[in-house]
Amino acid sequence: MKDRFDYGLNPEKLGAVSSCLCDPATAHAEFMVVKNQYEGETDRKAERGALCYQIRQAFPQGEVTAEEANRIGYETAMRWTKGKYQFFVCTHIDKDHIHNHIYYNSTAYDRSRKFRNFIGSTFALRRLSDRVCLEHDLSVIANPKLHSKGRFLHYGQWLGGDQKLSYKEQIRLAIDAALTEHPADLPDFLRRMEQAGIQVKRGRGGVISFRVSGQERATRFRASTLGDGYGPEDVQAVIDGKAPTRKAEPRRGSRPAPQRVNLLIDIQERMSHGKGPAYERWAKVYNLKQMAAALQFLKENDLMEYDELAAKTEAATDRFHALAGEIQQTEAALSKVSDLMAAVVNYAKTRPVFDGYKTARYSKKFLAAHETELAGYRAAKTALGELLGGAKLPKMDTLKKSRRELTEKKKALYADYRKAQQEMRELVAVKGSVDHLRGLTDGQRNKEQTR
């Protein structure tokens, strides 16, 4: 770390420097002090993984001064680390383009955690850097190259087949491999996971967690943690033959979902309700960030024409409502099939009792002894009549097949529904921000014409 930090602090290159929670001149020692405290308090090896991380951030020639670049680098680092990790920013001016070297400790300053690099972190960091630059009215790269085509390779390409999988990815691969062996039931599936080297932990309330060798904290066995298709219900569906098995292959290149764009705040309207000057300052900063997010969304989706934005927003809204209606119809059909199956089962159970009642020539003594069963028979027959509406009663196998198909359709519709909902919300928020800005601009023009 000292050699790396000395390069960043080289006075022949350095134009500006700033820091958070450390002194750049002694940062290497201060980083290690925090790591030693972390190891003493948690009994975890501090040297496991990266000791520190570096971010490089460059600007076009002549766009910023060294001081401005350093302030932007400091803000980027602060928002990336949320102020929980020691860092310092070295701004170099030895090249034609001014650029920042940002170094931050991998161990949190309060010794509560370590920073773990995640899949798609480069994409998330680039989005944050672009957001900060847009908020300061600076340029960003519109279509960055994701893969090097020269002799220099990015880290993922350089690792190639030796790239280490995350713990969650290893667990997902083990789940896929265990399911390809066609386990008889869930306990059999868990035994196969243990045979594959995955530790199975059982907690309170039947909660199941998995732990890979070298993993500090176990990963909960649920879809919200491991990803869609890897929860207990999904695994049970594969075991029951209701869902296909997946080929055990690593899923690389996934990216985190971008943060949602929110509507701008009408500051004047809020201030009229008694909000104070502190709220006004916060709202102005908030609106500035949301405008930068909206501009970034428009650039990434090539929606620089207002009419095109309005048309796409309307189409996304229509699709969302259409999917909502289709889901309602599917759920109604599924409910009808389930009620019909329940009525058929009840009818089949109580029909022999009714036949006995009829054979006994509707004896009052028989009625008194089987009143509950006969009442169930009449209720089941009435339900069948209402549900079928005069149609022929289908076979139970046909009803089961219909329920299975409707359940799969409902699941697929809900996946499309969530995507459509997110797309609609983003477009409505971006269009609302644009409309808000157009309204402010039109109002300003009207005031100038009045003067």
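Predicted, not measured: the structure shown is a model, and the values here were computed from it. (Residues numbered from 1 in each chain as written. Predicted model: local features only at pLDDT ≥ 70, side-chain atom pairs only at ≥ 80, totals over all residues. Heavy atoms only, no water.)

1. Some words on the overall build of the chain
- Across its full length, the chain carries 15 helices and 7 strands.
- Among the 451 residues that make up the chain, the fraction classed as buried is 33%.
- In the chain, the share of contacts with a sequence separation of at least 24, taken over all contacts with a separation of at least 6, comes to 66%.
- Of the roughly 28,100 Å² that the chain leaves accessible, carbon and sulfur atoms contribute 51%. (Helix = DSSP H or I, 4+ residues; strand = E, 2+ residues; numbered from the N terminus. Buried < 20%, exposed > 50% of the residue type's maximum accessible area, 1.4 Å probe, protein only. Contact = heavy atoms within 4.5 Å. Areas by Shrake-Rupley, 256 points an atom, 1.4 Å probe, with all protein chains shown as cover.)

2. Let's talk about the confidence of the model for the chain
- When pLDDT is averaged across the chain, the result is 83; 86% of the residues are at 70 or more.
- Contacts from residues 253-259, a stretch scored under 50 in pLDDT, to residues over four places away or in other chains number 13 contacts.
- Confidence drops under a pLDDT of 50 for residues 440-451, and excluding neighbours within four residues, the segment shows 0 contacts in the predicted structure. (pLDDT = per-residue confidence, 0-100.)

3. Considerations on the sheet that holds strand E5 (residues 199-202)
- Strand order in the open sheet formed by 3 strands is E5-E6-E7, with antiparallel pairing between adjacent strands. Each of the sheet's edge strands pairs with one partner strand only, and the pair in question is E5 and strand E7 (219-220).
- Together, E5 and strand E6 (208-211) form the strand contacts of helix H7 (residues 186-195), whose direction differs from that of E5 by roughly 135°. (Pairing = 2+ DSSP bridges. Axes fitted to C-alpha atoms, helices over the stretch in contact; angles between N-to-C directions.)

4. Side note on the pattern of salt bridges
- The final tally for this structure, using the stated rule, is 16 salt bridges.
- As a salt-bridge pair, Glu135 and Arg79 come within 2.9 Å of each other at their nearest N and O atoms. Separated by 56 residues along the polypeptide, Glu135 in helix H4 (residues 121-135) and Arg79 in helix H3 (residues 66-81) bring together distant segments of the chain.
- Residue Arg126 pairs with Asp130 through a salt bridge whose shortest N-O separation is 3.8 Å. On the criterion of helical spacing, the pair formed by Arg126 and Asp130 is a turn pair, its members being 4 residues apart in helix H4. (Salt bridge = Lys/Arg side-chain N within 4 Å of Asp/Glu carboxyl O.)

5. Some words on helix H14 (residues 371-388)
- Under the 1.5 Å per step criterion, the end-to-end length of H14 is 26 Å for 18 residues, consistent within 8% with the ideal 26 Å.
- For H14, the full list of buried residues reads Leu374, Tyr377, Ala380 and Leu384. Each buried residue of H14 sits inside an arc of 120° when the element is viewed along its axis, so together they form one side. The exposed set on the far side of H14, more than 90 degrees from its buried face, consists of Glu371, Thr372 and Glu386. (Expected span 1.5 Å × (residues − 1). Arc of directions from axis to C-beta.)

6. As for a negative patch on the surface
- A grouping of Asp302, Glu305, Asp307 and Glu308 is seen on the molecular surface, where their side chains present a negatively charged patch.
- On the accessibility criterion, Glu308 (41% relative accessible area) is partly exposed. (Patch = residues over 30% accessible without salt bridge, like charges linked within 9 Å, V, L, I, M, F, W, Y side chains within 5 Å. Lys, Arg positive; Asp, Glu negative; His and termini not counted. Charge placed at Lys NZ, Arg CZ, Asp CG, Glu CD.)

7. Section: the state of the cysteines
- Tallied over the entire structure, the rule returns 0 disulfides.
- In this structure Cys22 is not part of a disulfide, and its nearest cysteine sulfur, from Cys20, lies 7.4 Å away. (Disulfide = S-S within 2.5 Å.)

8. Points about the sheet that holds strand E4 (residues 99-105)
- One open sheet accounts for 4 strands, arranged E1-E3-E4-E2; its pairing is antiparallel. Edge positions in the sheet fall to strand E1 (14-20) and strand E2 (52-58), since each of these pairs with one other strand and no more. On average, each strand axis in the sheet is tilted by 15° relative to the strand beside it, whichever way the strands run.
- Pairing between E2 and E4: 7 bridges, direction antiparallel. The residue of E4 that forms the bridge with Gln57 is Asn100.
- Running at roughly 30° to E4, helix H2 (residues 27-42) makes contact with E2, strand E3 (87-92) and E4 of the sheet.

9. Considering the environment of Cys52
- For Cys52, the position within the fold is in strand E2.
- Among the residues examined, Cys52 registers a relative accessible area of 21% and is labelled partly exposed.
- Spatially, the C-alpha atom of Cys52 lies 4.5 Å from that of Asn105, the residues being 53 residues apart in sequence.
- Ignoring sequence-local partners within four residues, the contact set of Cys52 consists of Met1, Phe5, Phe31, Tyr104, Asn105 and Ser106.

10. A look at the pairing of E3
- The buried fraction of E3 is high, at 6 of 6 residues.
- Burial along E3 is two-sided: Phe87, Val89 and Thr91 and Phe88, Cys90 and His92, pointing in opposite directions, are all buried.
- The pairing of E1 with E3 spans 6 bridges and is classified as antiparallel. Within the sheet, the bridge partner assigned to Leu14 lies in E3 and is His92.
- Hairpin geometry of E3 and E4 is characterised by an intervening segment of 6 residues between the two adjacent antiparallel strands.

11. What to know about unusual backbone geometry
- Despite not being glycine, Asp302 shows a phi value in the positive range, around 50°.
- One can find Asp302 in the loop between helix H11 (277-300) and helix H12 (306-359).
- Despite not being glycine, Tyr362 has its phi angle at roughly 55°, a positive value.
- Within the fold, Tyr362 resides in the loop between H12 and helix H13 (364-369).

12. Things to note about the pairing of E4
- Within E4, 7 of the 7 residues are buried, leaving the element largely enclosed by the surrounding structure.
- Bridge count between E3 and E4: 6 bridges; the pairing is antiparallel. What sits directly across from His92, in E4, is His99.

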